[in-house]
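Observations on chain architecture
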Amino acid sequence: MIKVQSLSHGFSGQPVLDQLDLDLEPGEKLVISGKSGAGKTTLIRLLAGLELPDSGSIEIDDISMHSGSAMVAPHQRSISVVFQRPALWQHMKVSAHLEFVASGTGQKKESTVREILQATGLESLKDRRPHQLSEGQARRVAIARAIAAQANYMLMDEPLVNLDQEAKSDLFELIESHIVATGMGLLFVTHDETEAELLGGSRLWLRQGRLWPTPAVGRAGESIVGPAVASL
Amino acid sequence: MIFGQTRFPAIVATIVVAGLVCAPLLVLCMELLWTADSINLGKAWPGTRGGLLLFESFFFSLCVTILGLMVAIPAASLLMDVTGYSGQLLRLLAIAPVTVPPFLHAMAWQRLLESIGASTQGFAVTFAVEAAARLPLLLAAVLIGLHFVDPRARNAALIYAGRARTFFSITLPQARPAIIAGACMTMVFSLNEYGLPALFQRHTYALEIFAEYSVSGSSVDTLLVALPLVLLSILFAVIAIRALSSLPSPVAIGSSGQTLLAGPWLYDLLRTLAVAVAFSPLLVLLWGAVALITGSGAAPISMTGFAAMADSAAIALAATIMAVPCAWLLAENLHRHRLPVLWLVVLIGIALPASLSGAGSIRLWSWIGGELMYKGWGLPLAGMLVGLIPLATLLLYAVIRNSDHLPWDAARVYHSGPILWWKIRLFQIWPGVIGAFFLLFALSLPELELSLLLSPPGFSAVGIRIFNYLHYGAHEQVAYLILLLLLVSLLLGGTIYQMIRYQVRLDYREREGYNKP
């Protein structure tokens, strides 16, 4: 379980996250939505160990991730991350991306890579390099790479941004069939309400550095929650 | 600190490298503290004569830099507008002399001035030749800056303003960090240069430091005399580093297509004249080398000339091979941890005049008792590393800082340790690493100032050999040596510019290189 308590973080004196609490169970699907600049990427980076929080605690599977200025390294956290951009390694073929990640799992590299290439529909692209891929294909590789890590939790930071509807549907299917089905805990952050609705699962709203229950929206777009939550 | 990662070797290696760079200065400072009672601390204050000389050297370097920028900015703007292979070739040729040692420029200009019966002494001549020698560096800085400018922003501005206004209001401000960094490094190099002014009988503050050590032999006195120049150099190095830290990312690549538009005739005329001036260093160098050979009935290089070239190349290669990995280590640490102490190490290495680091190296190794260091290449090699490591660190820091951090972060999620360096980082910055390698080799091959102090008896570096011939009368045997050195330098300079282009393209491709099925 990922357990976050009173997490605060800021940049140049400006608070971004303020006393944030969060729980994510294995197998749970949690979607966090929020406007640009709300702190969604910062939250993902803190959970991944790419940034050290100013205060608060992060526990993954009952192990504290940091103490003072020391923290557990990202690769030892049993998490995988899909970033806002594909962030592929330009010199590596598609299959090499999966091999690089799978080599850290202790599993048989070749068979794992073959299975994931098949499952994600990337077999025909396995010998291509990133610049030979379309944006949608590159995102698919990024998700496949995250699957290859066989981690307990997957963090997705707006992985579908800037894609057309058809590419989005394909990748949603991939996420549903290969991530949710494996019992991984999934934390998906987005600024797109449609994406959040499509993915389902628990939903929270990041605003003013904290997580809030999402204000439900009626068919015509009018808020159907109380004024206190709606005002957020 | 990160749990579970073996960071101890990296910390130790960083301390060793930092120690290697700072040791000569630290030794001099320690000696200064121990002998503080018996030495004249007033030497640190330059006095009227020294103050005037320092001001003159500063003014000289400032004028060189400003004049260089006045030519480099309009010339680079026109060179960037030339599209296709011809544009690439023109830019490459204009940049190629960047690694040619200043004394070769001096040689070529002396020949040219003699052939037209003009004076080869005085402020104006020295100033013009120094400006010509520094122009390729400034041109490279402006071109690098323009490479970082987003053509989309420029094209958007062209809808509302003319070419000249767009260039000065939109393009130039975006290129400013690289231009400032280049200008400040030119100031540092020019302030610490004494070989070229000496050939034109000009006295500079950098020469004063060398003279102090040559006459008194006191490394502490040399430190005190050098202190004002070191502080001045540190100031410009700090500005250069701050500018490099604010380099924008290459967000798009492509020509602006501005050549298709008509512009103010004065703007185009000035740019054309600037390009003509920008090519003058290359043309004069080639003319000078040919004139030297044809004019003196030069004999081929003697065996001793070849031996000097081979010895210098071997030291330069060894220094480069040692310096680049050390610099990469420091650059990674600077990028990740931004430790002020590491910045200090880099600053000291860049700002230390060659005479001072030479005096410090001699002191250091005589304390350690390195007898062997005096007999072979050890001492020149150690001295060169003091200056080369910080320079390469600065270059690699800029490259690492500018590479896309997301692929690196993505790799960190799954692995740690050296595998990340070899499998991910190296491929992100390989043009920068190769460029740094060639730059260091090009700078250390004809190295003069350190070699004058640190070369062992019987060893003649190629820089010393050429300088002595130029200083005390040209000798036909050195003509081919000069031509060889010139060609090697031009080749290395051109390659460095190509590597910078590859690096910019690589950074761009990491960020936006998809959608090309």
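Residues numbered from 1 in each chain as written. Chains lettered and ligands numbered in written order. Predicted model: local features only at pLDDT ≥ 70, side-chain atom pairs only at ≥ 80, totals over all residues. Heavy atoms only, no water.

Here we take up the overall build of chain B. Along its length, chain B carries 22 helices and one strand. Within chain B, the fraction of its 517 residues that count as buried is 59%. Summarising the internal contacts of chain B: among those between residues at least 6 apart in sequence, 86% fall at separations of at least 24. As presented, chain B carries roughly 20,900 Å² of accessible surface, and 70% of it is formed by carbon and sulfur atoms. (Helix = DSSP H or I, 4+ residues; strand = E, 2+ residues; numbered from the N terminus. Buried < 20%, exposed > 50% of the residue type's maximum accessible area, 1.4 Å probe, protein only. Contact = heavy atoms within 4.5 Å. Areas by Shrake-Rupley, 256 points an atom, 1.4 Å probe, with all protein chains shown as cover.)

Taken as a whole and judged by the stated rule, the model has 18 salt bridges over all chains. With a closest N to O distance of 3.0 Å, Glu135(A) and Arg139(A) form a salt bridge. Note that Glu135(A) and Arg139(A) are positioned in helix α4 (residues 135-148) at a spacing of four residues, about one turn of the helix. For Glu135(A), a relative accessible area of 18% translates into the label buried. Between Glu130(B) and Arg134(B) there is a salt bridge; the shortest N-O distance is 3.0 Å. Of the two residues, Glu130(B) and Arg134(B) are both situated in helix α5 (residues 123-147); the distance of four residues between them amounts to about one turn of the helix. As far as burial versus exposure is concerned, Glu130(B) and Arg134(B) are alike and both buried. Three or more residues are tied together by salt bridges with common partners; here these are Arg45(A), Glu51(A), Asp409(B) and Arg412(B). (Salt bridge = Lys/Arg side-chain N within 4 Å of Asp/Glu carboxyl O.)

Moving on to the packing of helix α14 (residues 340-351) of chain B against helix α17 (residues 378-402) of chain B. Residues and elements named next belong to chain B. α17 packs onto α14 with a crossing angle of 125° between their chain directions and a minimal axis gap of 8 Å. Here α14 lies oblique to α17, going by the angle between them. With respect to the hand of their crossing, α14 and α17 are arranged in left-handed fashion. Mapping the contact onto sequence places Trp-343, Val-345, Val-346, Gly-349 and Ile-350 in α14 and Val-386, Gly-387, Pro-390, Leu-391, Thr-393, Leu-394 and Tyr-397 in α17. (Axes fitted to C-alpha atoms, helices over the stretch in contact; angles between N-to-C directions. Parallel < 35°, antiparallel > 145°, perpendicular 65-115°, else oblique. Left-handed = near helix turned anticlockwise from the far one by under 90°.)

So, about the nonpolar core. Formed by 136 residues in total, the largest nonpolar core has its most connected members in Phe103(B), Leu104(B), Leu356(B), Ile389(B), Leu394(B), Ile466(B) and Ile482(B). The element best represented in this core is α17(B), accounting for 16 residues. If you count residues domain by domain, this core takes at least three from each of domain 1 (1-38 + 304-473) and domain 2 (40-298) of chain B. Discounting residues that sit within four places of it in the chain, Ile389(B) has contacts with Val17(B), Leu20(B), Val21(B), Ala323(B), Cys326(B), Ala327(B) and Leu330(B). One finds Leu43(A), Val72(A), Trp89(A) and Ala146(A) within the second-largest nonpolar core, a separate group that totals 79 residues. (Core = buried A, V, L, I, M, F, W, Y, C linked by side-chain atoms within 4.5 Å. Domains from an automatic or database assignment.)

Further remarks concern the confidence of the model for chain B. Residue and element names in this part refer to chain B. Averaged over chain B, the pLDDT score is 83; the fraction of residues at 70 or greater is 88%. Low confidence marks residues 1-6, where pLDDT is under 50. Its contacts with residues over four positions away, or in another chain, come to 19 contacts. Within the model, pLDDT remains below 50 along residues 252-261, and this stretch shows 23 contacts once partners closer than five positions in the same chain are excluded. Scored by ipTM, the complex comes to 0.79, with pTM at 0.82. (pLDDT = per-residue confidence, 0-100.)

Turning next to the interface of chain A and chain B. Every contact between the two is made by 38 residues of chain A and, on the other side, 30 residues of chain B. Here chain A and chain B share an interface that buries about 3,100 Å² over both sides, 62% of which is from carbon and sulfur atoms. Counting the contacts that link chain A with chain B gives two salt bridges. In this structure, Arg45(A) and Asp409(B) form a salt bridge, with 2.7 Å as the shortest nitrogen-oxygen distance. (Buried area = accessible area lost by both parts, 1.4 Å probe.)

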